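# Descriptive analysis of the structure
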Amino acid sequence: MKDTAAEVGGSTDKVSKSKKDQTWITKIYKKRVCTTFVEDSSSNGALCQCGEKRREHCSVALGDYFSTAIVNRWVSAQHSSEYPTDAFGEVQFAGASKRHSYFLRLSCSTRPSTIYNLMTNHWHLPTPNLVVSVVGGEGRAKMKTWVRELLRKGLVKASQRAGAWILTTGLREDIGRCVGEAVRDHSTAASSDSLNTVVAVGIAPWGVVHNKDQLVNPQGSFPARYCTRDPVRDSFCLDNNYQAFLLVDDGSVGRRGGDTVFRTNLEEYISHQRTGMWGSGTIDIPVLCMLISGDTGMFERVDLSLKSSIPWLVLAGSGGLADFLTDLLESTSSASVLQSSSECDSEPGPSMDLKEKVAERVKKHFPAESENNKLVEQALSIYQSRDLILIYYAEQESPTDFDTVLLKVLRVSVGGSPHIEELKLAVAWNRVDIAKSELFNGDIQWKYKDLAESMLDVLINDKSQFVQLFTENGLNIVDYLTYGRLEQLYGSVPDSTLLYQLLQRRLAVRLGTTAAVPTAASEIKSLSKLTAENLESGPMADITLFEVSGVLDLLLGDICQPFYYDVLGLADICSKRKALKRASKQLREDRSYKDNRCLYPWASLFIWAVLQNRSEMATFFWEM
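Residues numbered from 1 in each chain as written. Predicted model: local features only at pLDDT ≥ 70, side-chain atom pairs only at ≥ 80, totals over all residues. Heavy atoms only, no water.

An unreviewed UniProt entry lists the protein under the name TRPM SLOG domain-containing protein, from Xenotaenia resolanae. Quoted verbatim from the Subcellular location (unreviewed entry) field of UniProt, the annotation for the protein is "Membrane". (UniProt positions renumbered as here; feature names shortened; annotations may be inferred.)

Quick look at the structure:
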């Protein structure tokens, strides 16, 4: 029983995918190539505004359909075309560790849903409990020492505890390099039994990647060998400390900003997905942006995210746009912000007093900028969403308290009861220490329904300390565990386990899509050879206690009576064939038992935990 249970709970071998298996990527993901030459006046006609030479283009943009107007501005959507991507797979960095990173060249118009699916289901990056998008930077200027310390001791450590993704450019310059070094240092110092790893994802414009030709292979690279030395002007090397790279192609070469809209859309899409395995968490994935310095080109980036209700953490004292926003929000009160609308106006707008103050501060912080009016309008738009911005004085606070800073930022973007939302965040990040000190210190009277809402998340995602905390503070497991919830727990088993495959095979037998396998030895032997392609992947919505009973019978044999037959109304049947026939009919017509309380809740949970090798949780259930 012990060996079999270990085999059931363990992961099945992953079959390495060949290049042929990966060619489906070229059918879904595209690259962009500039096809229409739009002259760059500063190059004497030699270069297009996309950055490529004249001879690389199929046509020249001379004017409109009537040849009455010269085209003087290059637009990716109008002057470039999409073709199947020719750069994807895995990359190995020469001279670095043997660990491979995933990469993909993709069009800037790619739907975020397809990318998120690729990252979680095909690259197998763990579903994030938090996403921190770090933006800004000081160009080629050296990053301030205290900012480096904050990234290393604050951001990366907090991200590891929370099970977060960190998004940057992933390039070996400025913020991308500093975050990469912080991830590397933390990974080196972290213990091997850490529950979470820091997932760093680089999102950069394809056109600025140095040595990008080394990544090009229409059949995919497994891996591509990539050299990181001697970048030329307007190009940057990929940083080897990132797990994945999304190289966004808008058809330009050597231009920054082509990834801005895609990255903003991806952040917004992720913010509407659920935390936990199979999206079993009780909250949407928290997403926040962290601004370090930043030039005037970042105004649009900040404004876009705020319009999607993504909160921002601004590092005061880091320079550039961060200091401008700090000055603006601190010196401008909310009073007299809006002027009364006239009879002709439908909505009130910013007051003249506010516009003057904003214009004054734009001139103060960006004296060399010529397009002041445009910056003022963008700053006013940002100011309207000031409730989503938190100014952080890192030089005055310890980086070790960064977890609580993240909680403060995320509070402003969630609705409902603040205590319940904080509990959901603590559960998502598996921070039982925060829950005990902030939420279960005796100041809050928790109700059963408040805890029950998060209990399924706690069980499915193996957070045993929260199970104990909840049961000690008002959650009665007898009231909580119904047979329907028990079926949900078995339906959430990870698809990488043999238990998942055993349950799916039993489900297929009941549904009549496959023949029953008579013996335990033959079934386990046959299933151990299956891959994810043989059985459908995903949460098993139709799993019932009948399938659970069948798996337990397979493992235990005839040493005990069949499990859950009394619940299913099969207690009077001895023949397995007759039980299958009746269950197939009954479960299609009536599953009213789902709302009944489980008679032996702790024992049922104990068996469920043992079958998944969750020793800590199983031990607690055994004690109970």
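## Some remarks on the overall build of the protein
A count of helical and extended segments in the protein gives 26 helices and 16 strands. Residue burial in the protein is summarised as follows: out of 624 residues, 51% are buried. For the protein, the proportion of contacts with a sequence separation of at least 24, taken over those separated by at least 6, is 72%. Surface exposure of the protein reaches about 30200 Å², of which carbon and sulfur atoms provide 48%. (Helix = DSSP H or I, 4+ residues; strand = E, 2+ residues; numbered from the N terminus. Buried < 20%, exposed > 50% of the residue type's maximum accessible area, 1.4 Å probe, protein only. Contact = heavy atoms within 4.5 Å. Areas by Shrake-Rupley, 256 points an atom, 1.4 Å probe, with all protein chains shown as cover.)

## What to know about the packing of aromatic side chains
By the definition in use, this model includes 18 aromatic pairs. Ring centres of phenylalanine 93 and phenylalanine 245 lie 6.1 Å apart, and the angle between their planes is 55°; this geometry places the pair in the tilted category. Here phenylalanine 93, found in strand β5 (residues 88-93), pairs with phenylalanine 245, found in strand β11 (residues 244-249); they are 152 residues apart in sequence, far enough to count as distant. A centroid spacing of 5.9 Å and a plane angle of 40° characterise the contact between tryptophan 602 and phenylalanine 621, whose relative ring orientation is tilted. Of this pair, tryptophan 602 sits in helix α25 (residues 601-610) while phenylalanine 621 sits in helix α26 (residues 615-623); the two residues are 19 residues apart in sequence, bridging distant segments of the chain. Note on accessibility: tryptophan 602 and phenylalanine 621 belong to one class, buried. One aromatic cluster is present, built from ring pairs that chain together Phe93, Tyr226, Tyr242 and Phe245. (Phe/Tyr/Trp six-rings, centres within 6.5 Å; stacked < 30°, edge-to-face > 60°.)

## Regarding helix α7 (residues 174-189)
Taking 1.5 Å of rise per residue, the 16 residues of α7 would be expected to cover 22 Å, and the 23 Å separating its terminal C-alpha atoms lies within 8% of that figure. Here α7 has its buried residues at Asp174, Ile175, Gly176, Cys178, Val179, Gly180, Ala182, Val183 and His186. Buried positions along α7 lie against β7 (130-137), α6 (145-162), β8 (164-168), β9 (199-205) and β12 (287-293). (Expected span 1.5 Å × (residues − 1).)

## With respect to the packing of helix α15 (residues 432-439) against helix α17 (residues 464-472)
The contact between α15 and α17 brings their axes to 10 Å, and the two run at 25°. Taken together, the axes of α15 and α17 lie roughly parallel to each other. Every residue of α17 that contacts α15 at Val432, Ala435 and Lys436 is listed here: Gln465, Phe466 and Leu469. (Axes fitted to C-alpha atoms, helices over the stretch in contact; angles between N-to-C directions. Parallel < 35°, antiparallel > 145°, perpendicular 65-115°, else oblique.)

## Considering the pairing of β12
By the criterion of burial, β12 is predominantly enclosed, with 7 of the 7 residues buried. For β7 and β12, the ladder comprises 7 bridges, and the chain directions are parallel. If you follow valine 131 over to β12, its bridge partner there is valine 287. With 3 bridges connecting them, β12 and strand β13 (residues 312-315) associate as parallel partners. Among the inter-strand pairings, cysteine 289 is bridged to a residue of β13, identified as tryptophan 312. (Pairing = 2+ DSSP bridges.)

## Digging into the sheet that holds β7
Strand order in this open sheet of 10 strands is β10-β5-β6-β11-β9-β8-β7-β12-β13-β16, and the pairing throughout is mixed. Both outer strands of the open sheet, β10 (221-226) and β16 (389-392), are each paired with one neighbouring strand and no more. Taken over all neighbouring pairs, the strand axes of this sheet differ in orientation by 25° on average, direction set aside. In this structure, β13 lies alongside β16, joined through 4 bridges in parallel fashion. Residue pairing in the sheet places tryptophan 312 in a bridge with isoleucine 389 of β16.

## Some points on the pairing of strand β6 (residues 101-107)
Counting buried residues along β6, 6 of its 7 residues qualify, which places the element largely inside the surrounding structure. Relative to β6, β5 runs antiparallel, the two sharing 4 bridges. Counted as the bridge partner of phenylalanine 88 is leucine 104 from β6.

## Quick look at helix α24 (residues 576-589)
Look at α24: 20 Å from first C-alpha to last across 14 residues, which is about the 20 Å you get at 1.5 Å a residue. Of all the positions in α24, only Ala579, Ala583, Ser584 and Leu587 are classed as buried. Against α20 (498-511), α22 (545-556) and α23 (565-568) lie the buried residues of α24. You can read the cap of α24 off the contacts: a side-chain oxygen lies 3.3 Å from the backbone nitrogen of arginine 577, and it is on serine 575. (Polar contact = N/O pair within 3.5 Å; in protein donor to acceptor, adjacent residues only side chain to side chain.)

## With respect to unusual backbone geometry
The general pattern is negative phi for most residues beyond glycine and trans for most peptide bonds. That bond from phenylalanine 222 to proline 223 is cis: its omega, 0°, falls within 30 degrees of zero. Mapped onto the fold, proline 223 is located in strand β10. Positive phi values are uncommon outside glycine, yet aspartate 174 reaches one of about 55°. One can find aspartate 174 in helix α7. By relative accessible area, which is 14% here, aspartate 174 ends up buried. Although it is not a glycine, tyrosine 564 sits at a positive phi angle of roughly 65°. With respect to the element layout, tyrosine 564 can be found in the loop between α22 and α23.

## Focus: the state of the cysteines
In the structure shown here, the tally under the stated rule is 0 disulfides. In this structure cysteine 237 is a free cysteine whose sulfur lies 9.1 Å from that of cysteine 227, the closest cysteine sulfur available. (Disulfide = S-S within 2.5 Å.)

## Notes on the pattern of salt bridges
According to the stated counting rule, one finds 28 salt bridges in the structure shown. When the shortest N-O distance is used, the salt bridge between glutamate 181 and arginine 148 registers 3.3 Å. In this pair, glutamate 181 sits in helix α7 while arginine 148 sits in helix α6, placing the two residues 33 residues apart along the sequence. Taking relative accessible area as the criterion, glutamate 181 reaches 22% and is therefore assigned partly exposed. (Salt bridge = Lys/Arg side-chain N within 4 Å of Asp/Glu carboxyl O.)

## Here's the deal with the confidence of the model for the protein
For the protein, the mean per-residue pLDDT works out to 83, and 84% of the residues sit at or above 70. Here strand β14 (residues 338-339) stands out as the least confident element of the protein, with mean pLDDT 46; β11 is the most confident, with 96. Note on residues 64-69: pLDDT under 50 across the span, and 3 contacts to partners over four residues away in sequence or across chains. For residues 335-344, every residue scores under 50 in pLDDT, and the model assigns this stretch 20 contacts once sequence neighbours within four places are set aside. (pLDDT = per-residue confidence, 0-100.)

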